[in-house]
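Each chain, written out:
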Amino acid sequence: MAETIPSQSALAPLGLEARPWPEDAPVRMEEHAHSGKLVLRGDHRDSDFMNAVRGVLGMTPPLVPLGSMMVKGRVVLWLGPDEWLIACPAGAETALYAELRTALNGVHAALVDLTDAQTIIRISGPRARDLIAKGCTLDLHPHTFGAGHVARGTLAHAQITLLQTAGDGEAGSPAFDLYVGRSFAQHLWRWLEDAAREYPGGTDPA
Amino acid sequence: MKRQRQRLDVGARIDRGQRLAFRFNGKSYEGFSGDTLASALVANGVRLVGRSFKFHRPRGIYSAGMEEPNALVQLGTGAASEPNLRATQVELFDGLEAASVNCWPSVNFDIWSLNDRVSSMLPAGFYYKTFMWPTGLWMRYERAIRAMAGMGRTAREADPDRYDQTNAHCDVLIAGGGPAGLMAALAAGRAGARVILADEQNEFGGRLLSEPEDGETIGGRLAVDWVADARAELAGMAEVRLLPRTTVFGYYDHNFIGLIERVTDHLGGAAPEHLPRQRMWRVRARQVVLATGAIERPLIFAENDRPGIMLAGAARAYLNRYGVQPGEKVLVFTNNDDAYRTALDLNAAGIVVPAVVDLRADPQGSLPARAREAGIEILAGHGVVGTKGRLRVTEARVAPVSDGAVAGPARTISCDAIAMSGGWNPAVHLFSQGQGKLRFEEARGVFLPGNTIQANRSAGACNGAFPLAVCLAEGTEVGALAAADAGFGAPVLALPETKEAEEAPMEVVWQVPSDRPPGKARAFVDFQNDVTTKDVKLAAREGYRSVEHFKRYTTTGMGTDQGKTSNINGVAILASALGEAIPAVGTTTFRPPYTPVSFGAFAGRELHEFYAPIRRTPIHAWHESHGAVFEDVGQWKRPRYYPRAGEGMHAAVRREAIAARSGIGILDASTLGKIDIQGADAAELLNRVYTNAWSKLEVGRCRYGLMLGEDGMVMDDGVTARLAEDHFLMSTTTGNAARVLAWLEEWTQTEWPDMKVHMASATEQWATVSISGPKARNLLAELTGDFDLSPDAFPFMSFREGIVAGVSARVFRISFTGELSFEVNVAARHGLAVWTACMTAGEKYGITPFGTEAMHLLRAEKGFIIVGQDTDGTVTPADLGMDWIVSKKKPDFLGKRSLSRADTLRSGRKRLVGLFTEDPKTVLDEGAQIVAEPRDRPPMKMIGHVTSSYFSPTLDRSIALALIEDGPDRMGQTLHASMPGRTVPVRVTEPVFFDPDGERMRG
Amino acid sequence: MLQIACPHCGPRDENEFSCGGEAHIARPKQPDAISDAEWADYLFMRTNPKGALAERWCHTVGCRRWFNVERDTVTHTILRVYAMGAPRGGGGGA
Ligand SMILES: [Zn+2]
């Protein structure tokens, strides 16, 4: 029955499909809505916790700060020394949540399904870094930040989690997934669109 | 269009093929690409460019750079018009339109110059003295004085230009692209460091751009060619960012640096639409290199402010860089060798140099020797002791001077310009802004960079190193050291050979003596604010010994030029008047910005909808399309009320409130904070942060909690549900969600690290649709078949999970309106669908969306508090009459101990009560003060204030909540509320106005 | 704008952090057993030195972890960053 109920992405009210960005634009943006997002917390020194997580995810969650790992279509992002964000394909979060819950039974840990709490704005293209730098003080220079790196910070005064998904050199690179709270998403999108006016080739904000 | 009659035919860094038309003070002129407005004006023989601030004396172009005190212009007209720009920094573009500021009706005829005749009445401290007594007079004078002193006009319309901001990181930031800065950039860039090189000019090269083409050489190349080579090499380095037309204006803590880039200012109407006019850079630099050069120091002599008198370096810049004659007969006046370069260059260009007047008794350097060879007369041991000329200088009186006094008769030298130099002041502004300490060097009378705590190095002229070879050497060294400190070691560069003239020592002279009676011939120290040597001495006599006081009293350095040419001279003359050494008097603290920065650049794009982030709920679009009037709650937009056609706020709120009491109201409560709490110690955490007990709360049930700060004051409140034995969902007030989560994290991380509990914000995961009213159960029954809604099966303060309107939901039976209420929480993506389903199914019950205004009214009828409205951080649970929620059994919770402090137990505290106005139609103002004994006028003792006030349609009268001293002891008393222009009698009552037993919400 | 080295995330701008005031002020174990004056001392009194001050900071928009910072209140130089619970003046930064 749930299928018949309309699902709205955070940016749906902006009608973005009506104004796609040209393929060769210096910077492109798109919403990547509805992918599953679970926040996991626990003590990595607790072997019960680590074994339970490893058993389900098939990997050790990244322990090096600002790192991420991708296995079987899932990305695990380091958010803090005892906190990870597990991103999975849309719709897979319910089963994954249940599986992790079961595995973590009796273990000191926390698991929250925050699939709808955030959306992802994907920013790519040669000017992607310049665009982000307009409202964000993170240093994204390739010397210090690269594909697979994660950082939380603020962009246009909205809290974000930034994951670099592609390094330089590939077509349409670099690329970043910008996780942003659902309530901030429209503000952030419009702010970015306005900031991107400097790089002609992009769409004109409505 | 007038001919550029002062323009030279060949040479200089202008493009004579690109003619640019412009207007100044209503007249049409022509200049060339590469000109500044100032150089184009000089080329056109325009001498008079402005009037001084106080005496409205005629003033001419004085410098060729950002230090300019006189040539302030209003650029453009209409909305984009900008005041107080320095003509010396405005790049000429086709169609430019500018006017002098500070003169009316025209620069040639200025009625306020009458001030000049009565200047003895406008001494130092004039403004202070006028406005200290009697205070009321300021009101009368202000308008006239502001008009008289007006420094340009701000546009009345919104600025149509776009401004942007960006953040950047680098290993080495270099301020200044002269020889030292370029060498530093090459050294750091070749080492592989990330470099930002910023220079305020349109091209790099610094003073080298103003020297003659056949002057100095670097590495066997003409200096300007070496600059071009260096620039090209830097432009080819991937990690080097070159920012011309960019001023480093601020040096803040931890090498945080502010830059302002003038992106399209020089393009005028040809500026591309997609580019911002200006861009502010916020740079974090691992290392900073200051290569900011030096500013020429004027000589202070009698009648030194006539148009045509300018800095010697500026005269050279106009000649060599812009190809214009600063005059036809230019007298050079100096205490150092550098000004001889000006004399030589002028002479070589065929301009008459009647003499070089040198304060030194016996100038013997190579430059004076070359001047002699060129046949230029040198008047050694002489000074300019006076000048003549009304709208421009026509002659100078020159006399022998020695030991600070005129030592012989004066002779008159006719001239139409005087190029003068008192030496060079290192530009230590940024170094000082960054908390660097300055040290004073007697020999040259200069402040130099001393110790600093920041990671910076100074090189070149700003470090007191004036010879070109030393500038290059210092630049190379600090560039390499900065790169190495940032992790990029590299072999030190070989230094290019230089060919330049050697200079003999200067002689420091702070004030040139005059043969005119004191008081007759004024010597100006600060041109923009008309401060004379006499004013400085007067301030000293009146007891101003601190530089900071002196500066404000005399207004020295208080103009838009911030005293670039006047501060050091002012301090030196003050020191001499006080009989103290200059370092003992000190220099003023330099503060950002180095030069003025427009407000637009500081605002960037954070205007209008981007002024602050706007948070929207999943149902926001529906509210918009149904005409909601929004209010800001924190960053959220919440519907305040939904007016129908012709309805004002009061009518709408009345209709919405009645619907919730009689049928169904529906509220978007998605903004309430939700914190997910998990772990074996979750209940114990709640025990510690709430005043009541949580261990025994059953799974499936909810409880209201009050959270206190350690000072015992109410901090937040909300309902928390137990989802599982070790799993709770806490709700917080909309504005406090982040703060409460931070509070829980703080205590568990810092004070109770062993507690097994984790928190996460879940606010945005859920859309919350709250339905409220006697028919709420009927509506919900139509939308779910999953759980029994009967009062026994689903009691008040419990929750159920199941399908509502086709999607998984958590339904909480809690109430803020006092009515039967259900809060339906669904995944955010389904929020709009569920809201719409409720609206459709509820139509037959007259379902009515209500906003925060009706919600506040409904809860006030029930006496439910709003934290932050009925509390203000000074209110305890007892003050609110909420002792019932404070556990007596728990050994401890946050804030508990404070509840037994003497101050929280004392009588006389303000406590919550209800108020009824005598006239039921009168609605009190929120914030209105309450007094027991009203008088005609203050003072009278205020004993409290109104915190919430509404007209209640249910009670058909006004109601109010108030915090009043010993309020509960005053039940039935009549007090008085102050309202604009009147006092309103009120009766103290219980703060619960409706359904005190809560039968409706429990039913 | 200070730059603070988060022990986990590295150097970040000050506005990513929130300051929790002076560090090493332990909450009394038995608040009920102490006098009003002692409680007030815990609640309100801080050293406010000119010079080195130990403070608690939280990387609010980053990893959300609390840690200690020793900062010179005159120059804003950050002298040391160390873990919550570690003693002041202990060896080495975090
Ligand atoms: Zn961190």
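Residues numbered from 1 in each chain as written. Chains lettered and ligands numbered in written order. Predicted model: local features only at pLDDT ≥ 70, side-chain atom pairs only at ≥ 80, totals over all residues. Heavy atoms only, no water.

1. Description of the overall build of chain C
Note the cut-off: Elements are defined by DSSP. Helices are runs of H or I of four residues or more, strands are runs of E of two residues or more, and each kind is numbered from the N terminus. Accessibility here uses a 1.4 Å probe with only protein chains present; expressed as a share of the type maximum, an area under 20% marks a residue as buried, one over 50% as exposed, and anything in between as partly exposed. We call two residues in contact whenever any of their non-hydrogen atoms come within 4.5 Å of each other. For the area figures, the Shrake-Rupley method with a 1.4 Å probe applies, and any residue is considered shielded solely by the protein chains shown.
A tally of regular secondary structure across chain C gives 1 helix and 6 strands. Helices and strands in chain C line up, N terminus first, as β-β-β-α-β-β-β. Overall size of chain C, expressed as C-alpha extent along the three principal axes, is 40 × 30 × 25 Å. Looking at chain C as a whole, 45% of its 94 residues qualify as buried. Relative to all contacts within chain C whose residues are 6 or more apart in sequence, the contacts with residues 24 or more apart total 42%. Here chain C displays about 4,500 Å² of accessible surface, and carbon together with sulfur accounts for 54% of that area.

2. With respect to the interface of chain B and chain A
Worth spelling out the cut-off: As a working definition, buried area equals the accessible area (1.4 Å probe) given up by two parts on being put together, with both sides summed. A side-chain nitrogen of Lys or Arg and a carboxyl oxygen of Asp or Glu constitute a salt bridge if their distance falls within 4 Å. Any pair of N or O atoms that falls within 3.5 Å is considered a polar contact. Within protein, one atom must be able to donate a hydrogen and the other to accept it, and sequence-neighbouring residues count only if both atoms are side-chain atoms.
Of the residues lining the interface, 52 residues belong to chain B; the matching set on chain A comes to 48 residues. Interface area, chain B with chain A, both sides summed: about 4,400 Å², of which 48% is carbon and sulfur. Where chain B packs against chain A, one counts 10 salt bridges. Between Glu273 of chain B and Arg197 of chain A there is a salt bridge, and its shortest N-O distance comes to 3.9 Å. At the boundary of chain B with chain A, the tally comes to 28 residue pairs in polar contact (both at pLDDT 80 or more). Elements supplying a minimum of two residues to the side of chain B that touches chain A: strand E8 (163-175), strand E15 (278-290), strand E36 (673-678), strand E40 (758-761) and helix H22 (831-842) of chain B. With 5 residues, the top contributor of residues to the side of chain B that touches chain A is E8 of chain B.

3. Points about the packing of helix H1 (residues 47-57) of chain A against helix H2 (residues 93-103) of chain A
Helix packing for two helices is described by the angle between their axes and how far apart those axes are. Residue and element names in this part refer to chain A. Just so we agree on the cut-off: Axis geometry follows a simple rule: fit a line to the C-alpha atoms, using only the stretch in contact for helices, then measure angles between N-to-C directions, giving values from 0 to 180 degrees. We call two directions roughly parallel when the angle between them is under 35 degrees, roughly antiparallel when it is over 145, roughly perpendicular when it lies between 65 and 115, and oblique otherwise. With the far helix as reference, a near helix turned anticlockwise by less than a right angle produces a left-handed crossing, and one turned clockwise produces a right-handed crossing. Residue polarity follows a fixed list, in which Ala, Val, Leu, Ile, Met, Phe, Trp, Tyr, Cys and Pro are nonpolar, Asp, Glu, Lys and Arg are charged, and the others, Gly among them, are polar.
Between H1 and H2, the shortest axis-to-axis distance is 9 Å and the interhelical angle comes to 150°. With respect to H2, the axis of H1 lies roughly antiparallel. Two packed elements cross with a definite hand, and for H1 against H2 that hand is right-handed. Judged by residue contacts, Ala52, Val56 and Leu57 of H1 engage Leu96, Glu99, Leu100 and Ala103 from H2. For the contact of H1 with H2, the class distribution of residues is 6 nonpolar, no polar and 1 charged.

4. Quick look at the coordination of the zinc ion
Angles at a metal have ideal values that depend on geometry: 109.5 degrees with four tetrahedral donors, 90 or 180 degrees with six octahedral donors. All names here are of chain C. Put simply, the rule reads: For Na, K and Ca the donor cutoff is 3.2 Å, while for all other metals N, O and S atoms must lie within 2.8 Å; water is not among the atoms, so some sites may look incomplete. In this scheme the shape depends on donor count and angles: four donors with every angle between 85 and 135 degrees give tetrahedral, four or six donors with opposite pairs above 155 degrees and others between 65 and 115 give square planar or octahedral in turn, and any other case is irregular.
Surrounding the zinc ion are the protein donor atoms Cys6 (SG), Cys9 (SG), His59 (ND1) and Cys63 (SG), at 2.0 to 2.4 Å. What the 4 donor atoms of the zinc ion show is an angle range of 103 to 120° at the metal, which sorts the shape as tetrahedral. Motif for the zinc ion, donor spacing along one chain: C-x2-C-x49-H-x3-C. Note that Cys6 is positioned in strand E1 (residues 3-6) and His59 in the loop between strand E4 (52-58) and strand E5 (66-72), a separation of 53 residues in sequence. Cys6 gets classed as buried once you look at its relative accessible area, which sits at 4%.

5. Focus on the confidence of the model for chain C
Short version of the rule: Residue-level confidence of the predictor is summarised by pLDDT, bounded by 0 at the bottom and 100 at the top.
Looking at chain C, the pLDDT average stands at 93 and 95% of residues meet or exceed 70. Here the prediction assigns the complex a pTM of 0.94, and the interface score ipTM is 0.96.

6. Re the sheet that holds strand E49 (residues 957-965) of chain B
Residues and elements named next belong to chain B. Put simply, the rule is: Strand pairing is assigned whenever DSSP identifies at least 2 bridges connecting the two strands.
Spatially, 6 strands are ordered E46-E49-E48-E47-E50-E51 in a closed barrel, and the strand pairing comes out antiparallel. Ignoring which end each strand starts from, the neighbouring axes of this sheet average 45° apart. Bridge analysis of strand E50 (residues 974-979) against strand E51 (residues 982-989) gives 6 bridges, and the strand direction is antiparallel. What sits directly across from Ser978, in E51, is Thr983. In the packing of helix H23 (residues 852-861) onto the sheet, the strands contacted are strand E48 (942-952) and E49, and the crossing angle to E48 comes to about 115°.

7. Brief notes about the interface of chain A and chain C
Quite often, the size of an interface is put as the accessible area lost when its parts meet. With 16 residues of chain A in contact, the opposing surface of chain C contributes 11 residues. Taken together, the two surfaces of chain A and chain C that pack against each other cover about 1,100 Å², and 46% of this comes from carbon and sulfur. Among the residues of chain A in contact with chain C, Pro81, Thr137 and Arg152 of chain A are the three that bury the most area, contributing 36% of the side total. For the pair chain A and chain C, the interface holds 2 salt bridges. Here Arg64 of chain C makes a salt bridge to Glu83 of chain A, at a shortest N to O gap of 3.2 Å.

8. A look at the domain arrangement of chain A
Residue and element names in this part refer to chain A. Put simply, the rule reads: Start and end positions for the domains come from either an automated domain assignment or a database one.
For chain A, the domain assignment lists domain 1 (26-34 + 116-197) and domain 2 (36-113). Using C-alpha coordinates to define each centre, domain 1 is positioned 23 Å away from domain 2. Opposite the 11 residues of domain 1 that make contact, domain 2 presents 14 residues. Across the domain 1 to domain 2 interface the summed buried area is about 990 Å²; carbon plus sulfur atoms make up 56%. Broken down residue by residue, the surface that domain 1 buries against domain 2 is led by His34, Val150 and Arg152, which jointly contribute 48%. At the boundary of domain 1 and domain 2, one finds 1 salt bridge. Note that Arg152 and Glu83 form a salt bridge whose closest N and O atoms lie 3.6 Å from each other. Where domain 1 packs against domain 2, one counts 5 residue pairs in polar contact (both at pLDDT 80 or more).

9. Quick look at the sheet that holds strand E25 (residues 417-421) of chain B
All names here are of chain B. Pairing is parallel across the open sheet formed by 5 strands, whose spatial order is E17-E25-E18-E19-E20. Edge positions in the sheet fall to strand E17 (309-311) and strand E20 (378-380), since each of these pairs with one other strand and no more. In this sheet, adjacent strand axes meet at a mean angle of 20° when their direction is disregarded. Bridge count between strand E18 (residues 330-334) and E25: 5 bridges; the pairing is parallel. The partner of Thr334 across the bridge, within E25, is Ser421. Contacting E17 and E25, helix H7 (residues 312-320) crosses the sheet at an angle of about 90° to E17. Sitting on the sheet, helix H8 (residues 338-348) touches E18, strand E19 (356-358), E20 and E25, and the angle it makes with E18 is about 165°.

10. Some remarks on the packing of aromatic side chains
Residue and element names in this part refer to chain B. Short version of the rule: Pairing of aromatic rings covers Phe, Tyr and Trp, the last through its six-membered ring, and needs centres within 6.5 Å; plane angles under 30 degrees mean stacked, over 60 mean edge-to-face, and all others mean tilted. Whether a charge lies above a ring is judged from NZ of Lys or CZ of Arg, which has to be within 6 Å of the ring centre and within 35 degrees of the ring normal.
Overall, the coordinates contain 22 aromatic pairs over all chains when judged by the stated rule. Here the aromatic rings of Trp622 and Tyr642 are separated by 6.2 Å at their centres, their planes lie at 65°, and the arrangement is edge-to-face. One end of the pair, Trp622, is in helix H17 (residues 620-625); the other, Tyr642, is in the loop between strand E34 (636-641) and helix H18 (649-662), and 20 residues separate them in sequence. Classification of Trp622 as buried rests on a relative accessible area of 10%. Judged by its relative accessible area of 5%, Tyr642 is buried. Taken together through their ring pairs, the aromatic side chains of Tyr62, Phe524 and Phe527 make up a single cluster. Between Arg59 and the ring centre of Phe524, over which it is positioned, the NZ or CZ distance is 4.8 Å.

11. Considerations on the packing of H7 of chain B against H8 of chain B
Residue and element names in this part refer to chain B. Viewed as axis vectors pointing N to C, H7 and H8 meet at an angle of 35°, and their least axial separation amounts to 9 Å. For H7 against H8, the interelement crossing comes out left-handed. Touching Ala312, Gly313, Ala315, Arg316, Leu319 and Asn320 of H7 are Asp338, Ala339, Arg341, Thr342, Asp345 and Leu346, all from H8. When its residues are assigned to classes, the contact of H7 with H8 shows 5 nonpolar, 3 polar and 4 charged.

12. Comments concerning unusual backbone geometry
In this model, Pro592 of chain B is joined to Pro593 of chain B through a cis peptide bond whose omega is -5°. Following Pro938 of chain B, the chain continues to Pro939 of chain B via a peptide bond in cis, the omega torsion being 5°. With respect to the helices and strands, the residue Pro939 of chain B is situated in the loop between strand E47 (929-931) and E48. Despite not being glycine, His76 of chain C shows a phi value in the positive range, around 65°. Mapping His76 of chain C onto the fold places it in the loop between E5 and strand E6 (78-83).

13. Points about the pattern of salt bridges
Counting across every chain of the model gives 80 salt bridges over all chains. In this structure, the salt-bridge partner of Asp358 of chain B is Arg360 of chain B, at a minimum N-O distance of 2.9 Å. The burial state of Asp358 of chain B is the same as that of Arg360 of chain B; both residues are buried. The network of salt bridges with common partners includes Lys134, Asp194, Arg197 and Glu198 of chain A together with Arg162, Asp164, Glu261, Glu273, Arg279 and Arg605 of chain B.

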